[in-house]
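Descriptive analysis of the structure
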Amino acid sequence: MIETTNDRLTDIKASIFHENEIRVNRLIGYVIFCLAILNLLSATLNYAGFFKTDYQGLYKIYACISILLLAGIGIALLASRKFHFLTKIILLTTLIAANTITAFYFFTYSRILFAIPIFLSVGYYQRKVSIYASVLVWIGLMYTAFYPGNSYLAQYSSTAILEEVIIPQTWVILLLMAIAVSFASSGKRQIQKQAQKTFELSAMESEIALSARIQGSVLPPAHYTSPDKAVEIKATIAPAKDVAGDFYDYFTLNNNNIAVLIADVSDKGLPAAMFMMRARETIRNLVHNSKSLLEAIEKTNLYLTKNNNGGMFVTAWIGILNTKTGIGKYINAGHLPPFVKRGNGSVEMLKNDPDIFMGTFEKAKYTSHLFELKKGDTLILYTDGATDAMNLQNEAFGTENLRRRIAMTQSSQDICEDISNEVIQYSTKNLFDDITILSLHSSIDYNPLILDIKANTTEKNTSEIIDRANIVLEKVNCPENTRKSIDIVIDEICDNIKEYAYGNTSGLMHVKCEIGANIAKLVFEDYGKAFDPLSESVTKKGSVLNVGGLGIHFVKNLSDEISYERIGDMNRLTVKIIWNT
C-alpha cells in the first residue's frame, strides 16, 4: 500500500509524541524513585524521634516506600512500552509518593507536594492528562482532609474545613489545572509544528535522495577508453547540498564517432532530475536517428519546449568527434564554453557566441561549429558550479582560475579531480551547486591527404582542380553528395577569384586541399585586389547586392565553416566541410 502524505505526517506526529511520552515517563520514574528515597529518609528520621508520628503505622510507611522504589524502577524500565493506562498509573503513583511524605510533615507545609503530578502532566502535552492529574490531586487532597486519622485537621469543624481547606484548595487546583492545560496545549502546538518541519525536512531529504539516485542512474561510467585507445574520457560530479540538474553523457555513434555532452537543468531537486532524464534520453535518441547534429538539437529543443510544464530549461554543450581524424562538430546551447588543453601545454577556449538554451522557444535556431583534437589534446567540459563557487569573501572562482588550474595540471587523467578539489577548497566545502567536469583526452594521430595546386584562373584549371580533388575524396570514401558540394565550392570560389580579385583577367591562385576521413579543408589564396566575399549579402529574392555574388551565398550554405583574412597582398579564404563516416 502506498503511504499518503497525510499518513506520513500523522506517523511523524505520533512518533514525536511517543518519544516525548517516553522521556516524561522516565523523568517521572526518576521523580518517584527520588520521592521514595525522601520517604525512606523521613521514616528513618521519624524512627530517630524527629517527627511526632504514630510508630505503629511505620510498617505501612515502609511498605509504601518499598512499593514506590519498585514502581520508580519499573516505570523507568517500562517507559518506552505502549500501555493504554501507563500514564494514568504513573501519575497516580506520583500522587501516592507525595501523599506518603505528608505522613511525616505538617499538612500545611507538605500539601504543596500534591501539585507534583499536575506539574509533571504538562510534559505529556495532552490536555486530558493534565485534567486527569488535576482531578487526581484534588481527590487526594480531599481524602487527606477527611481522613479520620488526620490529627492536624481534627481541631477544625466541618464548616471551617470547607471554608479554609476545601474551597481554597479547590480554587488552587482549578488554577493549576488551567495553567497546566494552557501549557500542555501550547506544547502540543509546538510539537505539531516540529512534526510539520520534520515532515518537510524528511520529504526534502527523500526528494534529494531520489534525485541523487536518478542522477546517478542515468550517468555513464566515470571512466571510458575507446576500443582503439583513440580517446579517453573521465568525469566527476561533486554534489552540492541540493541535487542540481547537472549531467554528462557520452556514447558511440558508429566505429568512428563518439558524442560527448554536458548539461545543466535550470531547477534543482526531483523536478530537475526528471527533466534531466527526459532531456538526456531525447538528445541520445535524436543524435542517433537524425541526419546531422544540428537537426538533432533543433528537434530536441522542440520536444522539450512542447513537453515542459514546469517552465524549466537546459543548457548544453554537445559535440561529435571523429576518432580517426580528430575533427568534430559541436553546438553550444547556452552553456559555458569548454577549454582545450593542447599537447604543448597551452590552454584555449572554444569561444563562439552560444545559442539559446533548450526547452523554452520552439523556433530557436542553433549553429554548429568545428573543433579539432590532435594527439595529446584534452577537451574539458564543465558546469557553472565550477566557475560560480564562492569563497568566504563572496568572490566567484571564475573562468580565469579554471584556466589556471587546467594549465597547472600535468596529467590529463587528473584534470577532473584537480579542478573539482580546488573548487571545493576555494568554496570552503560549502557548495550550492553541483560541480560537474568531463575531460576527453585525444590520442588521435592522423595525417590527412594533401593536394597542393598552383594555377592560373582559367576554366580548364578549375576543372582540373575539381578532378584531382575528387580522386582524393574517393580514396577516403567521401559520400557522393558531399563530393558534389565540394565541386560546387571549388568552382564558385575559383570564379570569384577570377572575377573580383583579378577583374576577369587571368591571375595566379593557390589551392590547398587537406582531405581526411571525414573532412575537407580547402584553402584558396590569390594576390589580386583585396576583397572579403563574406561581407557581402544577398536579398531574399536572390539578387546580388554587391561583389561576392550569389555563388558565395551557395558556398556559405554548403560549408560547415568558412573564414577570410587578408595577409599582406594576399587574400585567403578557408572552407571546411565535414561528413559522417
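Further up the page is the structure itself.
Residues numbered from 1 in each chain as written. Predicted model: local features only at pLDDT ≥ 70, side-chain atom pairs only at ≥ 80, totals over all residues. Heavy atoms only, no water.

All right, on to the overall build of the protein then. When you go through the protein residue by residue, the secondary structure sums to 15 helices and 16 strands. In the protein, which comprises 581 residues, the share counted as buried stands at 48%. Counted over contacts in the protein with a minimum sequence separation of 6, partners at least 24 positions apart contribute 73%. Looking at the protein as shown, the accessible area adds up to about 29,700 Å², and 56% of this sits on carbon and sulfur atoms. (Helix = DSSP H or I, 4+ residues; strand = E, 2+ residues; numbered from the N terminus. Buried < 20%, exposed > 50% of the residue type's maximum accessible area, 1.4 Å probe, protein only. Contact = heavy atoms within 4.5 Å. Areas by Shrake-Rupley, 256 points an atom, 1.4 Å probe, with all protein chains shown as cover.)

In the structure shown here, the tally under the stated rule is 15 salt bridges. The shortest N-O distance in the salt bridge between Arg280 and Glu281 comes to 2.4 Å. Notably, a salt bridge pairs Glu422 with Arg405, separated by 2.9 Å at the nearest N-O pair. With Glu422 in helix H12 (residues 415-426) and Arg405 in helix H11 (residues 398-408), the pair connects residues that are 17 residues apart, well separated along the chain. Pair check on accessibility: Glu422 and Arg405 agree, each one buried. (Salt bridge = Lys/Arg side-chain N within 4 Å of Asp/Glu carboxyl O.)

A few words now on the sheet that holds strand E16 (residues 570-578). Spatially, the five strands line up as an open sheet ordered E12-E13-E14-E16-E15, and their pairing is antiparallel. Every interior strand has two partners, whereas the edge strands, strand E12 (449-456) and strand E15 (561-567), have only one. Each strand axis lies, on average, 15° off the axis of its neighbour in the sheet, ignoring direction. Relative to E16, strand E14 (residues 519-526) runs antiparallel, the two sharing eight bridges. When the bridges of E16 are listed, Leu522 appears paired with Val575. (Pairing = 2+ DSSP bridges. Axes fitted to C-alpha atoms, helices over the stretch in contact; angles between N-to-C directions.)

Before going further, it helps to spend a moment on empty space enclosed by the protein. Under the definition given, this model contains one cavity of 30 Å³ or more. Approximately 90 Å³ is the volume found for the largest cavity. Contributing elements (two or more residues each) for the lining of the largest cavity: helix H14 (480-501), E14 and E16. Counted by class, the lining of the largest cavity contains eight nonpolar, two polar and two charged residues. (1 Å grid on protein atoms, 1.4 Å probe; cavity = no way out; pocket = protein on both sides within 12 Å on 5 of 7 lines; lining within 4 Å. Points joined across faces, edges and corners; volume = space filled by probe spheres on them. Nonpolar A, V, L, I, M, F, W, Y, C, P; charged D, E, K, R; others polar.)

A few words on the packing of helix H13 (residues 459-475) against H14. Relative to each other, H13 and H14 sit at 155°, their axes nearing to 10 Å. Here H14 runs roughly antiparallel to H13, going by the angle between their axes. Handedness of the crossing formed by H13 with H14: right-handed. For the pair H13 and H14, contact is made by Thr462, Ile465, Ile466, Ala469, Asn470, Leu473 and Glu474 and by Arg483, Ile486, Asp487, Ile490, Asp491 and Cys494, respectively. (Parallel < 35°, antiparallel > 145°, perpendicular 65-115°, else oblique. Left-handed = near helix turned anticlockwise from the far one by under 90°.)

The next thing to look at is a positive patch on the surface. Together, Arg127, Lys128, Lys188, Arg189, Lys193 and Lys197 give the surface a local cluster of positive charge. It is helix H7 (residues 158-218) that provides the largest number of residues to the positive patch, a total of four residues. Note that Lys193 resides in helix H7. (Patch = residues over 30% accessible without salt bridge, like charges linked within 9 Å, V, L, I, M, F, W, Y side chains within 5 Å. Lys, Arg positive; Asp, Glu negative; His and termini not counted. Charge placed at Lys NZ, Arg CZ, Asp CG, Glu CD.)

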